[in-house]
Amino acid sequence: MSDRRALIEAAVADTGGAMTAEHVEAELEAGRMFLAVSPSGESLAILQPVHDLHVVGVAGDMAEVLRLEQRVSRSAALQFDRMTVLPSRSGWDRVLRDRGWKTESGLVKDLGQ
């Protein structure tokens, strides 16, 4: 896990302290969160299944993040009604709008169920 620590820290940096790398690591250990990691290992998304799939944070190369979004959306659509990213980073609404995301309390994607 320590090799991904910097990416986890970057992914939670915009949560305003609501989520820390230590908290994420504890939740990962407990099985209440999981990671989607790009093939290169240079990008990741922190995921938390609740009623919807919450994306706690994302870090890495934008092209890889967009490929991760596509992969996570496909698998999440089998289990969840919606996928949310809270909080969203500035400008992400422009990038993700064409992929079905909309702005609510963060970015939200209806998965078609």
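Provided above is the structure to which this section pertains.
Because the structure is a prediction, the values reported are computed rather than measured.

Draft legend 1. Broad picture of the side chain of threonine 15. Structurally, threonine 15 can be placed in the loop between helix 1 (5-12) and helix 2 (21-30). Taking the relative accessible area as the measure of exposure, threonine 15 reaches 13% and is therefore buried. A polar contact of 2.8 Å, which involves the side chain of threonine 15, links it to the backbone oxygen of valine 12.

Draft legend 2. Local environment of helix 3 (residues 62-76). Helix length check: helix 3, at 15 residues, gives a terminal C-alpha distance of 20 Å against a target of 21 Å (1.5 Å per residue), a fit within 8%. Among the residues making up helix 3, those that are buried are Glu64, Val65, Leu66, Leu68, Glu69, Val72, Ser73 and Ala76. For helix 3, the side-chain oxygen to backbone nitrogen distance between the N-cap and alanine 63 is 3.2 Å, and the N-cap itself is aspartate 61.

Draft legend 3. Inspection of the pairing of strand 2 (residues 44-49) at higher detail. Note: strand 1 (residues 34-37) against strand 2, 4 bridges, orientation antiparallel. Bridging across to strand 2, alanine 36 finds its partner in alanine 45. In this structure, the hairpin formed by strand 1 and strand 2 is closed by a connection of 6 residues, where glycine 41 is found at a positive phi of approximately 80°. Of the pairings in the sheet, the one linking strand 2 to strand 3 (residues 53-59) comprises 6 bridges and is antiparallel in character. By the bridge assignment for strand 3, alanine 45 is matched with valine 58. In sequence, strand 2 turns back onto strand 3 through a hairpin of 3 residues.

Draft legend 4. Region of interest: the nonpolar core. Formed by 19 residues in total, the largest nonpolar core has its most connected members in Leu47, Leu53, Val55 and Met83. Every residue in contact with methionine 83, bar those within four places of it in the chain, is listed here: Leu53, Val55, Val72, Ser73, Ala76, Trp101, Leu107, Val108, Lys109 and Leu111. Core analysis: the second largest hydrophobic core is formed by 14 residues, Ile8, Val12, Val24 and Met33 among them.

Draft legend 5. Inspection of the pairing of strand 4 (residues 82-85) at higher detail. Two strands pair when backbone bridges link them, and strand 3 and strand 4 are joined in this way by 3 bridges, in the parallel orientation. Across the sheet, residue valine 55 finds its bridge partner in strand 4, namely valine 85. The pairing of strand 4 with strand 6 (residues 107-110) spans 4 bridges and is antiparallel. What sits directly across from arginine 82, in strand 6, is aspartate 110.

Draft legend 6. Structural view of empty space enclosed by the protein. Under the definition given, this model contains 2 cavities of 30 Å³ or more. In this structure, the largest cavity occupies an estimated 150 Å³ of space. In terms of lining residues, the largest cavity is bounded by 15 residues, among which Val55, Val58, Val65, Glu69 and Val85 are the most central. When residues of the lining of the largest cavity are traced back to their parent elements, those giving at least two are strand 2, strand 3, helix 3, strand 4 and helix 4 (92-96). Residue contributions to the lining of the largest cavity peak at 6 residues, all from helix 3.

Draft legend 7. Summary view of the sheet that holds strand 1. Reading across from one edge, 1-2-3-4-6-5 is the order of the 6 strands in this open sheet, with mixed pairing throughout. Each end of this open sheet is capped by a strand with a single partner; those strands are strand 1 and strand 5 (101-103). Ignoring which end each strand starts from, the neighbouring axes of this sheet average 30° apart.

Calculation criteria
Along every chain, residues carry numbers that run from 1 in the direction the sequence is written. The predicted origin of the model limits local features to residues at a pLDDT of at least 70 and limits the giving and counting of side-chain atom pairs to 80 or more, whereas totals for whole chains, interfaces and linings rest on all residues. Note that water and hydrogens are dropped before the side-chain values are worked out from all heavy atoms of the structure. Numbering of helices and strands runs from the N terminus; a helix is a DSSP stretch of H or I covering at least four residues, while a strand is a stretch of E covering at least two. Categorising residues by exposure relies on relative accessible area from a 1.4 Å probe, with only protein chains included: less than 20% of the type maximum marks a residue as buried, more than 50% marks it as exposed, and the intermediate range marks it as partly exposed. Polar contacts here mean pairs of N or O atoms no more than 3.5 Å apart (in protein, one a potential hydrogen donor and the other a potential acceptor; neighbouring residues in sequence count only if both atoms are side-chain atoms). Working rule for helices: expected span equals 1.5 Å times residues minus one. In this scheme, strands are said to pair when DSSP sees at least two bridges between them. Only buried residues count toward a nonpolar core. Its members are Ala, Val, Leu, Ile, Met, Phe, Trp, Tyr and Cys residues joined through side-chain atoms within 4.5 Å. What makes two residues a contact is simply this: any of their non-hydrogen atoms within 4.5 Å. Here a cavity denotes grid points, spaced 1 Å and computed from the protein atoms alone, that fit a 1.4 Å probe unable to get out, and a pocket denotes an open set having protein on both sides within 12 Å along at least 5 of 7 lines; residues with an atom within 4 Å of a point are the lining. Grid points are joined across faces, edges and corners, and a volume is the space filled by probe spheres set on the points. Structural elements are reduced to axes, namely lines fitted to C-alpha atoms, with helices fitted over the stretch in contact, and the angle between N-to-C directions of any two is expressed from 0 to 180 degrees.

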